[in-house]
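An overview of the molecular structure
Residues per chain, in single letters:
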Amino acid sequence: MCGIVGYIGDRNSSEVLVDGLRKLEYRGYDSAGVATIPKGARRLERVRAKGKLVNLEEKLSAVRDRGEIAHIGIGHTRWATHGKPEEHNAHPHTDTIEALAVVQNGIVENFHALREELKLQGHKFVSETDTEVIPHLIAQCLSDLGYKPTAGSVDNPHAPAPPSTFFLEAVRRAVNKLEGAFALAIMHVDFPNELIVVRQQAPLVIGVGEGENFCASDTPALVAYTRKVLLLENGEIARLTRDAVEIYSFHGDRQRRSPQTLNWNPVLVEKQGFRHFMLKEIYEQPGVVRMGLAKFVSDDNQVNLGIDDAVLENLTNIQILACGTSWHASLVGKYLLEQLVGIPTAVQYASEYRYAPPPLMPNTLTIGVTQSGETADTLAALELAKSRGDRCLGITNRPESSISRIADRILDTQAGIEIGVAATKTFVAQVLMFYFLALDLGLRRQTLSQEQADRIIDGLRQLPSQIEVILEGQERYIEQLAHSFTHTQDFIYLGRGINFPIALEGSLKLKEISYIHAEGYPAGEMKHGPIALLDADVPVVAIATPGSVYEKVLSNAQEARAREAQLIGVAPLDDPAAVEIFDHLLPIPVVDEILSPLLTVIPLQLLAYHIAAHRGLDVDQPRNLAKSVTVE
């Protein structure tokens with residue numbers, strides 16, 4: 001969840017670090033810090049600040065005024081787990097003599113026992129974090145190797161540095177004592193020409209440049225400088241110098257790996273004139289659908305996901321593992337797989353599956369769905385499913401991520417990088433991937449005729465222009481409507497059938513970015529409890545699209561209207577009944593009911609966005625949230 005950036009080369013490292021951290025702000029954070037080794041000095045320059053990066057930059061301006069330049073450094077944005085979000089808990093953390101600095105993403109589960117052991121050996125701690133044990137542990141391992149520190153010695157600043165092998169070996173010994181999930185970047189003033197990075201169950205990528213190298217917890221921090229990357233595997237350590245990258249296992253064995261090239265452009269991570277990344281990404285959704293269709297569906301309507309027959313043959317049931325927005329996309333997937341393919345499908349919260357998996361069943365396909373490919377609960381759940389003998393697919397927007405090393409096949413949603421913490425275009429891309437999977441399976445198992453598949457695919461091909469109609473025709477109206485709900489405290493969202501997950505997703509979007517309490521319910525369940533909440537101060541958003549449950553949803557909306565609730569309808573404009581029932585109508589084009597989720601979600605994204613914007617909130621980086629949840 002935290003952001004890590006490291007640099008070694010000839011640039012001003014502080015500028016590279018802050019720029020990289022800014023590219024990682026979307027991951028969520030509550031404090032930030034950098035540590036550098038000024039050129040020609042044997043000391044750390046550590047600057048930390050609570051709150052946003054602008055606070056860190058203000059502090060760094062004083063350092064810049066001294067005219068010092070550093071060519072090596074590490075930076076961090078922290079999302080608090082152990083210890084409050086205060087400056088003394090911010091990263092980087094150091095050892096007692098402030099010779100060694102560490103930044104960490106993840107959790108050290110045995111930090112308390114290590115801390116007590118290190119205290120007995122004379123180490124002094126100044127924070128409440130789990131991370132602080134790491135620099136002290138490495139320092140202790142250096143001492144055990146016979147290292148005698150020269151750092152901070154005013155009397156002997158030019159003392160010869162110890163052998164460089166000491167540093168790597170001390171880190172290797174230390175990380176083998178850590179339990180948990182962590183990614184680390186480490187530097188030492190007595191080893192100013194190398195940066196050590198570590199990965200264990202938390203994302204970390206190395207950027208390979210010319211006469212410079214980088215590390216980061218996510219690739220957006222790197223694309224402005226290089227598109228050549230090396231992906232660390234779990235249980236690996238890398239030594240970065242200006243001109244080389246060496247990778248070792250935790251056992252010390254040298255690993256060989258070639259860089260891969262990202263197909264990203266730095267422009268992809270800019271706002272391009274939009275007020276927020278979230279709004280930009282909402283507007284990118286027609287292109288996402290077009291991209292998916294171009295990638296996976298041929299001109300003659302043949303679906304090709306590149307999945308081996310062995311993965312999909314003789315299936316008797318499917319289970320889907322996901323969290324958050326991906327869980328909502330998976331609920332749409334469940335509907336499609338059961339209704340179009342006829343395979344019993346269960347959607348599990350990945351965090352719950354890990355500790356209470358269902359009974360083992362033969363011929364099970366397990367699908368892990370994660371935007372980042374790094375969601376800790378989803379990865380762990382998918383690993384468990386694989387260990388039980390299930391065939392495994394991964395649906396992700398990041399095919400280079402950790403999920404690719406677990407799943408038998410990755411389905412790349414082709415959405416492009418998403419910066420806004422609240423998922424929009426990646427939700428649509430995940431749902432679209434479930435349409436493709438259902439079509440593929442339905443044709444394979446002959447539960448769908450080619451004629452039926454053609455009708456669905458032809459409808460999918462119309463969706464990009466229909467989404468554009470909604471965006472162009474409704475945004476200004478929704479922006480004005482949002483003013484009416486700036487001070488609202490509660491919302492209810494209703495949907496039935498395939499649009500019940502959209503009610504959940506619409507309410508989640510509102511909660512995430514506006515901090516308004518909202519709940520999604522199956523419309524038919526409202527009278528079984530939630531109706532008690534309704535009055536004139538609780539608006540109800542109802543998704544009512546023509547199809548098998550249309551009249552039922554309109555009837556449920558009438559029940560809410562009778563309790564004086566304001567009614568907002570996502571419904572067709574040309575239906576007199578809808579126009580009469582709803583106080584505010586967010587019209588969508590009339591499409592086959594089974595395709596409607598890809599349209600009904602659009603006005604709900606816009607509504608949540610504009611309410612949050614009118615409330616003056618940080619839409620792209622809502623409080624307490626992170627884009628990638630890489631800790632349990």
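Above: the structure in question.
I will try to describe carefully the structure that is included in this document. (Residues numbered from 1 in each chain as written. Predicted model: local features only at pLDDT ≥ 70, side-chain atom pairs only at ≥ 80, totals over all residues. Heavy atoms only, no water.)

**Digging into the pattern of salt bridges**
In this structure the tally under the stated criterion is 32 salt bridges. Residue Arg290 pairs with Glu468 through a salt bridge whose shortest N-O separation is 3.0 Å. Residue Arg290 is located in helix 7 (residues 285-296), and its partner Glu468 is located in helix 13 (residues 450-482); the two are separated by 178 residues in the primary sequence. Ionic pairing is found between Arg444 and Asp440, a salt bridge with its closest N-O pair at 2.7 Å. (Salt bridge = Lys/Arg side-chain N within 4 Å of Asp/Glu carboxyl O. Helix = DSSP H or I, 4+ residues; strand = E, 2+ residues; numbered from the N terminus.)

**A look at helix 7**
For helix 7, built from twelve residues, the straight-helix expectation of 16 Å at 1.5 Å per residue is met to within 8% by its first-to-last C-alpha distance of 17 Å. Buried within helix 7 we find Gln285, Pro286, Val288, Val289, Gly292, Leu293 and Phe296. Seen along its axis, helix 7 keeps its buried residues to an arc of 160°; they face one direction. In helix 7, those exposed residues whose orientation departs by more than 90 degrees from the buried face are Ala294 and Lys295. Residues of helix 7 that are buried sit in contact with helix 6 (277-283), strand 20 (409-412), helix 12 (425-445), helix 13 and helix 17 (597-614). (Expected span 1.5 Å × (residues − 1). Buried < 20%, exposed > 50% of the residue type's maximum accessible area, 1.4 Å probe, protein only. Arc of directions from axis to C-beta. Contact = heavy atoms within 4.5 Å.)

**Quick look at the packing of aromatic side chains**
Aromatic rings in a pair are described by how distant their centres are and how their planes are angled relative to each other. Under the defined criterion, the tally for this structure stands at nine aromatic pairs. Here Phe296 and Phe436 contribute two aromatic rings whose centre-to-centre distance is 5.9 Å and whose plane-to-plane angle is 50°, an arrangement assigned as tilted. Taken together, the residues span a long stretch of sequence, with Phe296 in helix 7 and Phe436 in helix 12 at a distance of 140 residues. Taking the relative accessible area as the measure of exposure, Phe296 reaches 6% and is therefore buried. Linked through ring pairs, Tyr7, Phe214 and Tyr225 together constitute an aromatic cluster. The ring of Tyr515 has Arg623 lying over it, and the distance from NZ or CZ to the ring centre is 3.9 Å. (Phe/Tyr/Trp six-rings, centres within 6.5 Å; stacked < 30°, edge-to-face > 60°. Lys NZ or Arg CZ within 6 Å of the ring centre and 35° of its normal.)

**Things to note about the nonpolar core**
In terms of nonpolar packing, the biggest core is built from 90 residues, with Ile367, Phe436, Leu460 and Phe491 touching the most fellow members. The contact partners of Ile367, leaving out residues within four places of it in the chain, are Ile318, Gln319, Ile320, Leu321, Leu382, Leu393, Ile395, Phe434 and Leu437. Val108, Cys141, Val171 and Ile237 belong to the second largest nonpolar core, which has 30 residues in total. (Core = buried A, V, L, I, M, F, W, Y, C linked by side-chain atoms within 4.5 Å.)

**Side note on the sheet that holds strand 16 (residues 317-322)**
Strand order in the open sheet formed by five strands is 17-16-18-19-20, with parallel pairing between adjacent strands. In the strand order of this sheet, the two ends are held by strand 17 (345-349) and strand 20, each with one partner. In this sheet, adjacent strand axes meet at a mean angle of 20° when their direction is disregarded. Of the pairings in the sheet, the one linking strand 16 to strand 18 (residues 364-370) comprises five bridges and is parallel in character. (Pairing = 2+ DSSP bridges. Axes fitted to C-alpha atoms, helices over the stretch in contact; angles between N-to-C directions.)

**Observations regarding the packing of helix 13 against helix 17**
One way to put it is that helix 13 packs onto helix 17 with a least axis distance of 9 Å and a crossing angle of 30°. One element, helix 13, and the other, helix 17, form an angle in the roughly parallel class. Like other packed secondary-structure pairs, helix 13 and helix 17 cross with a definite hand, here right-handed. Across from Leu460, Leu463, Gln466, Ile467, Ile470, Leu471, Gln474, Glu475, Ile478, Glu479, Leu481 and Ala482 in helix 13, the residues of helix 17 making contact are Leu598, Leu599, Ile602, Pro603, Leu606, Leu607, His610, Ile611 and His614. Taken together, the residues that form the contact of helix 13 with helix 17 break down as 15 nonpolar, four polar and two charged. (Parallel < 35°, antiparallel > 145°, perpendicular 65-115°, else oblique. Left-handed = near helix turned anticlockwise from the far one by under 90°. Nonpolar A, V, L, I, M, F, W, Y, C, P; charged D, E, K, R; others polar.)

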